[in-house]
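Coordinates in review
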Amino acid sequence: MTAIKRISALARPIVFSCLTNRIIVFVSLAAFAAMVIYQLTSGTPFFSALVAGAGTGFALFLSWALGREIDPANDWSAFAALPFIFAAAPAYGAPALLPLLFLIFIGRGLSRSAGEQLTILDSIMLVVFGMLLFFNGVVSAPVFLAAVFLLDAVLVPVNRKQLYFALLAAAALGLSFPLLNSGQPGSGGFVTSTGIFALLLIAAAGFVIAVTGQDRVAGDSSGRPLENRRIALTQAAVAAIIVTELALKGYSALLVFYPAVLSYLGIALYHLLRILKTNIKVIA
C-alpha cells in the first residue's frame with residue numbers, strides 16, 4: 001500500500017463506509033447473475049450471456065464509484081440510480097466501461113478525493129487514456145483532460161507540474177486530430193431523446209452543485225477536508241464532458257454514457273427527495 005501511495009493516487013482503493021462497500025459488491029454480483037439468467041432465458045449463447053452479465057455488473061459498480069465522486073459527502077446517493085441503470089441495460093446494452101472509468105479518474109484527480117495530488121505516473125496514464133478514448137470516438141476527452149490539468153495546477157492546493165501535462169494533452173490532441181476519422185462527430189444523430197437527456201443532465205448538475213456546495217468531506221487517505229471549489233468543478237466537468245459528447249455524437253454517445261447520465265439524475269433525485277422530506281417534517 002505504501003508503494004502504491006508513492007506511485008499513484010488514482011490506483012488507490014476507493015475507501016468509503018465499509019457497509020456501502022459491501023452493499024455495492026453484493027449489488028454488482030446480483031446484477032451479474034440476474035443479467036446472465038435473463039440473457040440465457042432469452043436464448044442468448046452462454047458466453048455472450050456471461051459477457052453481458054459482466055458488463056452490467058461492472059457498469060453498476062463504476063456508476064456507483066462515479067456517483068461517489070460526484071457527491072462524496074453522501075454515502076447513499078450513489079445508489080439511487082442503480083435500479084434505473086439495471087433496468088435500462090437490456091434496452092441500451094452493456095455500456096463501454098472505459099469512458100466511465102475515465103470520468104471517475106477525472107473526478108478523483110480534480111477533487112483530490114483520493115487524498116493526494118496526482119503523481120507523474122497518474123498524469124501520463126491519463127494522457128494515454130484520453131488519447132485512447134479520442135481515437136475510439138470520445139473526441140472531447142483530451143480537451144477536458146487538458147482543462148482538468150490546468151485547473152489542478154492553479155487551484156489550492158496547487159500542483160504546478162500539471163501545467164506541463166496540460167500542454168502535453170493539448171499537443172497530443174493537435175497532432176492527432178488530423179488522423180481522426182472526420183465522419184465520427186455527429187454519428188448516431190442528435191435525436192429528441194438525446195436532447196432531453198442533455199437538458200435533464202444540465203439541470204441535475206446545477207441542482208447538485210447548488211445543494212452540495214457547503215458539504216464537507218475528508219479525502220480517503222489524508223483525512224483532510226476536500227476543497228469545495230474542486231468538488232464543484234468536478235461535478236461540472238463530469239456533466240460537461242457528457243453533454244459535449246451528446247452534442248457531438250447524439251444517440252451513439254447516449255449508449256456509451258447512459259449509466260453516467262442516470263447516475264447524475266439519481267443523485268439529483270436523492271437530494272430532491274431529501275429536501276422534500278425535510279420540508280414535510282418541518283410543516284408537520
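Here goes a summary of the coordinates provided. No experiment lies behind these values; they were computed from the predicted model shown. (Residues numbered from 1 in each chain as written. Predicted model: local features only at pLDDT ≥ 70, side-chain atom pairs only at ≥ 80, totals over all residues. Heavy atoms only, no water.)

Things to note about the environment of Ala204
Among the secondary structure elements, Ala204 is positioned in helix 9 (residues 192-211). Given a relative accessible area of 5%, Ala204 falls into the buried group. Along the primary structure Ala204 and Ala239 are separated by 35 residues, whereas in three dimensions their C-alpha atoms are 9.0 Å apart. Once residues within four sequence positions are removed from consideration, Ala204 is found in contact with Tyr264, Leu265 and Ala268. (Helix = DSSP H or I, 4+ residues; strand = E, 2+ residues; numbered from the N terminus. Buried < 20%, exposed > 50% of the residue type's maximum accessible area, 1.4 Å probe, protein only. Contact = heavy atoms within 4.5 Å.)

Notes on the side chain of Asn74
By the secondary structure assignment, Asn74 is in the loop between helix 3 (46-70) and helix 4 (82-92). Under the relative-accessibility criterion, Asn74 is labelled buried at 15%. A polar contact of 2.9 Å, which involves the side chain of Asn74, links it to the side chain of Asp71. The residues contacting Asn74, other than those within four sequence positions of it, are Arg68, Asp215, Tyr270 and His271. (Polar contact = N/O pair within 3.5 Å; in protein donor to acceptor, adjacent residues only side chain to side chain.)

A closer look at the packing of helix 3 against helix 5 (residues 97-111)
Between two packed helices, what matters for the description is the angle formed by their axes and the separation of those axes. Between helix 3 and helix 5, the shortest axis-to-axis distance is 9 Å and the interhelical angle comes to 20 degrees. Relative to helix 5, helix 3 is oriented roughly parallel. Once helix 3 is placed against helix 5, the crossing between them reads as left-handed. On the side of helix 3, the interface is formed by Gly55, Phe58, Ala59, Leu62, Ser63, Ala65, Leu66 and Glu69, while helix 5 contributes Leu97, Leu100, Leu101, Leu103, Ile104, Gly107, Arg108 and Ser111. (Axes fitted to C-alpha atoms, helices over the stretch in contact; angles between N-to-C directions. Parallel < 35°, antiparallel > 145°, perpendicular 65-115°, else oblique. Left-handed = near helix turned anticlockwise from the far one by under 90°.)

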